[in-house]
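Coordinates in review
Residues per chain are reported as follows:
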Amino acid sequence: MKKDIILAGVGGQGILSIAACIGLAAVSAGMNLKQAEVHGMSQRGGDVQSHLRISDDEIHSDLIPQGKADIIISVEPMESLRYLPMLSKDGWIITNTAPFVNIPNYPPIEGIIEEIEKVPNHVAIDADKIAKEIKAVKSANMVILGAASKHIGISYEQLQEGVRMLFGRKGEDVVNANLRALEEGRKFAI
Amino acid sequence: MQRLLLLGDEAIAQAAIDAGISGIYAYPGTPSTEITEYVQNSKEAKAKGIRSSWSTNEKTAMEAALGMSYAGKRAMVCMKHVGLNVAADPFVNSAITGANGGLIIVAADDRFMHSSQNEQDSRALAKFALMPVLEPSNQQEAYDMVYYGFELSEKYRIPVMLRITTRLAHSRAGVTRREQRNQNEMRLPTNLRQFVLLPSIARKQYKSLLENQTPFETESENSGYNKYIDGKNKKLGIITTGIAYNYLMENYPNGTLEYPLLKITQYPVPRKLVEKLYEECEEILVLEEGSPMVEELLRGLLDKGKKVYGRLDGTVPRDGELNPVIVAKALGLKTEEGLKIPGNVVGRPPSLCAGCPHIDSVVALNEALSKYAKGNVFSDIGCYTLAALPPYESINSCVDMGASITMAKGAADAGLKPAVAVIGDSTFTHSGITGLLDAVNDKSNITVVILDNATTGMTGGQQSSAYGHIEEICKGLGVEEEHIIVMNPVKSKSEENMEIIKRELEYDGVSVLIPRRECIQTLSRKSKEKRAGK
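How each quantity is defined
- Residues numbered from 1 in each chain as written.
- Chains lettered and ligands numbered in written order.
- Predicted model: local features only at pLDDT ≥ 70, side-chain atom pairs only at ≥ 80, totals over all residues.
- Helix = DSSP H or I, 4+ residues; strand = E, 2+ residues; numbered from the N terminus.
- Buried ≥ 20, exposed ≤ 12 C-beta atoms within 10 Å, placed from the backbone.
- Rg over C-alpha atoms; globule rule 2.2 N^0.38 Å.
- Contact = placed C-beta atoms within 7 Å.
- Core = buried A, V, L, I, M, F, W, Y, C linked by C-beta atoms within 7 Å.
- Domains from an automatic or database assignment.
- Nonpolar A, V, L, I, M, F, W, Y, C, P; charged D, E, K, R; others polar.
- Pairing = 2+ DSSP bridges.
- Arc of directions from axis to C-beta.
- Axes fitted to C-alpha atoms, helices over the stretch in contact; angles between N-to-C directions.
- Parallel < 35°, antiparallel > 145°, perpendicular 65-115°, else oblique.
- Left-handed = near helix turned anticlockwise from the far one by under 90°.
- Right-handed = clockwise from strand over helix to strand, strands pointing away.
- pLDDT = per-residue confidence, 0-100.

So, the overall build of chain A
The helix and strand inventory of chain A stands at 7 helices and 6 strands. When the helices and strands of chain A are listed from N to C terminus, the series reads β-α-β-β-β-α-β-α-β-α-α-α-α. Its C-alpha atoms give chain A principal-axis dimensions of roughly 45 × 40 × 35 Å. Here chain A holds 190 residues, and 57% of them are scored as buried.

Encoded structure:
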């Protein structure tokens, strides 16, 4: 088993939490992992991405080769498209449809959704809305992870365990909110 | 042994704790910051009494680490590549004094300038200083090399550079820990003149550094970190340095590489191994995550030997970082293009955060300067450098830490009026103080704006050495008290702030304005922690 995942979003949207959940789950499942992050200047409201690679075999490069990613998981719709050159021909896009508008020239959202729908394998979900509905506004990222859960190659139970490990020190309420978000995302994508 | 999931930076930090350092010294700088932060947050490090607070700049960090080494204890000092320029004086001379307790200098190079002003290769400075270098290719090697680096350092009494690059620093992987070593007892150098670089002593010490180059190279050949991996197809021999190895192997999974390979991760360059590859193969490809340093050596001045491919002939781009596709193309392998980015996707450059105090400061400054021609504002390294971009377009320079004040002074000397320097609080104490003294001594006609957000913001909100000291420092340097003015950069005060700036721009002499309001990021982090505490 080997999965190459691009995580995308805007600085501060919580893509590193998604990476950490998958990472914790993968490591407790005894898999190898490499995960490259972006720190520093680009974190200030800029586009951020993380290359997450999990495999039963040895992983060499910290970066996924262009055109070889199995999945793009994006917390922001336009950002999901920025990494299309990374996606393999039969790869999946799992993305939020709620735009994060912090630039004056953000394009019309309809055109962005249209482009997402052109990718044969896609899941587009309004994670912000769902997170609000289940009173877990800060967990839109976990809704997206839930929507991606069946494509990651890690069992759902292991992902839940990853959420518990990641948020455990923040208390039971935070853990449960994130587990609910994960579940809603999963249900949406089924 | 325990296995942890660690960033390259964190692997180095954990190894330093485990290998028995007594102190770590650093000024924050991407991609090196997380090394020191990890030690600061480590309970083990605390229990072991390892000192780890931030230094004022890389030079003070380097010197303090050298002092700890003088006292016989192990020390690590960390910086980004351009930070090594700041520390260059003690760095180069430390190779001549040598070490006493083990001393490792971590230089984290930001190839492609993800968050930097240039992409210089720290191996060049180590070579300049005649210092051994370790350049790990993965997180585990980074961990192991800290142990080895301290052994090497104490065996030859030489500081050792550990050179990493962004993709290793900021990528996570599994790392297995080793048995922990105790810290050294205090033990001064047996020769109390070892660190006295008077010419007569320095000449002797320098000779012994030169003599040590041979054993350093022998170490490079025998340590096991430089690996010669034979292959059947001798048409091409490949040399990789550092993480370039990973990008090569990504293209040849499961032992499919048929060319002989020399994986270099330790310097001086192991000449015997290079010679073996050169003799056995028809042509050579050099893959370096950095400048073409090994490649230049191999080609020589006249490049009349065997055909060499690399960054210098365009087989690999001359600038930027490597990736698996660049390496595949260099080897003539098939690559995937992927889908195109749709035309409606627009750039999302980094920007100042909503509510950032710098926004109020630069807006007031823009307004105050509106009656003058453009081009009067010199700035520095920090979040506020983003004010160069629309919509503010407030600043006209960003060169190196502290250069805003001295460049404004030089331009004022040339007759530019007004000449404004915009610098952050942490950058001011890093390298701005001496420049301000120059300006005071010369009665230069400059207006210095010290944006005090009470933190080192760009690197994630580390303790600023300037905290609580700025006015006193300025007074002490001789800036007149009535021209040291603290401002509150909020919207409701914008008119008042603009008037203050206007007035000080008119003043003939040095004035210092200090817009003071806490960074919105550290403020919200603190209030979150407070709430969690309740």
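Remarks on the overall build of chain B
In terms of helices and strands, chain B carries 21 helices and 18 strands. Compactness check: chain B gives a C-alpha radius of gyration of 25 Å against a globular reference of 24 Å for 534 residues, within 12% of the reference. Taking the principal axes of its C-alpha atoms as reference, chain B extends roughly 75 × 65 × 60 Å. Residue pairs at least 24 apart in sequence account for 78% of intrachain contacts in chain B once pairs closer than 6 positions are excluded.

Brief notes about the nonpolar core
What tends to happen in soluble globular proteins is that the nonpolar side chains get buried as a cluster. Formed by 162 residues in total, the largest nonpolar core has its most connected members in I144(A), A16(B), V77(B) and V106(B). For this core, the element with the highest residue contribution is helix α1 (residues 15-28) of chain A, accounting for 11 residues. Residue assignment places this core across two domains, with domain 1 (3-211) and domain 2 (227-330) of chain B each supplying three or more. Look past the residues within four positions of A16(B) in its chain and what remains in contact with it is I21(B), I24(B), V39(B), M76(B) and V146(B). Of all hydrophobic cores here, the second largest spans 48 residues; its members include A403(B), F428(B), V479(B) and M487(B).

Examining the domain arrangement of chain B
Residues and elements named next belong to chain B. Partitioning chain B into domains gives domain 1 (3-211), domain 2 (227-330) and domain 3 (357-522). A straight line from the C-alpha centre of domain 1 to that of domain 3 covers 33 Å. Between domain 1 and domain 3, the residue contacts involve 12 residues of the former and 12 residues of the latter. A per-class count over the side of domain 1 that touches domain 3 returns 5 nonpolar, 7 polar and no charged.

A few points about the sheet that holds strand β8 (residues 227-229) of chain B
What the 5 strands build is an open sheet, ordered β8-β10-β9-β12-β13 (chain B); its pairing is mixed. Here the strands that pair on one side only, and so sit at the sheet edges, are β8 and β13 (308-309) of chain B.

Details of helix α7 (residues 122-129) of chain B
Residues and elements named next belong to chain B. Within α7, burial applies to S122, R123, L125 and A126. One side of α7 carries all its buried residues, which in axial view fall inside an arc of 160°. Just downstream of α7 lies L130, where phi reads positive at about 65°.

Observations regarding the pairing of strand β4 (residues 103-109) of chain B
Residues and elements named next belong to chain B. Of all 7 residues that make up β4, 7 are buried, and the element is covered over most of its length. Note: strand β3 (residues 74-80) against β4, 6 bridges, orientation parallel. Looking across to β4, one finds that M79 is bridged to A107. Relative to strand β6 (residues 160-165), β4 runs parallel, the two being bridged by 6 bridges. Looking at the pairing, A108 lines up with I164 of β6.

Digging into the interface of chain B and chain A
Taken residue by residue, the interface counts 39 residues in chain B and 40 residues in chain A. When the residues that make up the side of chain B that touches chain A are grouped by side-chain class, the tally is 19 nonpolar, 13 polar and 7 charged. Bridge count between strand β2 (residues 32-36) of chain A and strand β7 (residues 171-176) of chain B: 3 bridges; the pairing is antiparallel. From the neighbouring strand, A36(A) faces β7(B), where its bridge partner is S171(B).

Points about the packing of helix α18 (residues 425-441) of chain B against helix α19 (residues 470-477) of chain B
Residues and elements named next belong to chain B. Two numbers describe how α18 lies on α19: the axes approach to 10 Å, and their chain directions differ by 20°. Regarding the angle of α18 to α19, the classification is roughly parallel. Both α18 and α19 take part in a crossing whose hand is right-handed. Only I470, I473, C474 and L477 of α19 make contact with α18, whose side of the interface consists of D425, F428, I433, L436, L437 and V440. Along the lines of polarity and charge, the residues of the contact of α18 with α19 split into 9 nonpolar, no polar and 1 charged.

Description of unusual backbone geometry
All names here are of chain B. Look at the link from Y267 to P268: it is a cis peptide, with omega at 15°. Note the cis peptide between K417 and P418, where omega equals -5°. Summarising the element assignment, P418 is placed in the loop between α17 (403-413) and β15 (419-424). A positive phi is found at M113, a non-glycine position, where the angle reads about 55°. Locating M113 in the fold gives a position in the loop between β4 and α7. A residue is classified by how many C-beta atoms lie within 10 Å of it, and M113, with 16 of them, is partly exposed. A positive phi angle, close to 50°, is found at R157, a residue other than glycine.

Things to note about the pairing of strand β17 (residues 484-487) of chain B
Residues in a regular strand point their side chains to alternate faces of the sheet. Residues and elements named next belong to chain B. Relative to strand β18 (residues 511-515), β17 runs parallel, the two sharing 4 bridges. Paired with I484 across the strands is V512, a residue of β18. Handedness of the crossover joining β17 and β18 through helix α20 (residues 494-506): right-handed.

Overview of the confidence of the model for chain B
In this model, chain B carries an average pLDDT of 97, and 100% of its residues clear a pLDDT of 70 or more. Reported for the predicted complex are a pTM of 0.97 and an ipTM of 0.94.

Section: the sheet that holds strand β3 (residues 47-55) of chain A
Read across the open sheet, the 8 strands follow the order β6(A)-β5(A)-β4(A)-β1(A)-β3(A)-β2(A)-β7(B)-β1(B); overall the sheet is mixed. The outermost strands of the open sheet, each flanked by one partner alone, are β6 (122-125) of chain A together with β1 (3-7) of chain B. Pairwise comparison of adjacent strand axes, ignoring direction, gives a mean angle of 20° for this sheet. Where strand β1 (residues 2-10) of chain A lies against β3(A), 9 bridges are found, and the strand directions are antiparallel.

Let's talk about α17(B)
All names here are of chain B. Counting buried residues along α17, 9 of its 11 residues qualify, which places the element largely inside the surrounding structure. What α17 keeps buried is the set A403, S404, I405, T406, M407, A408, K409, A411 and A412. Turning to α17, the residues buried within the fold contact β14 (377-378), β15, α18 and β16 (446-451).

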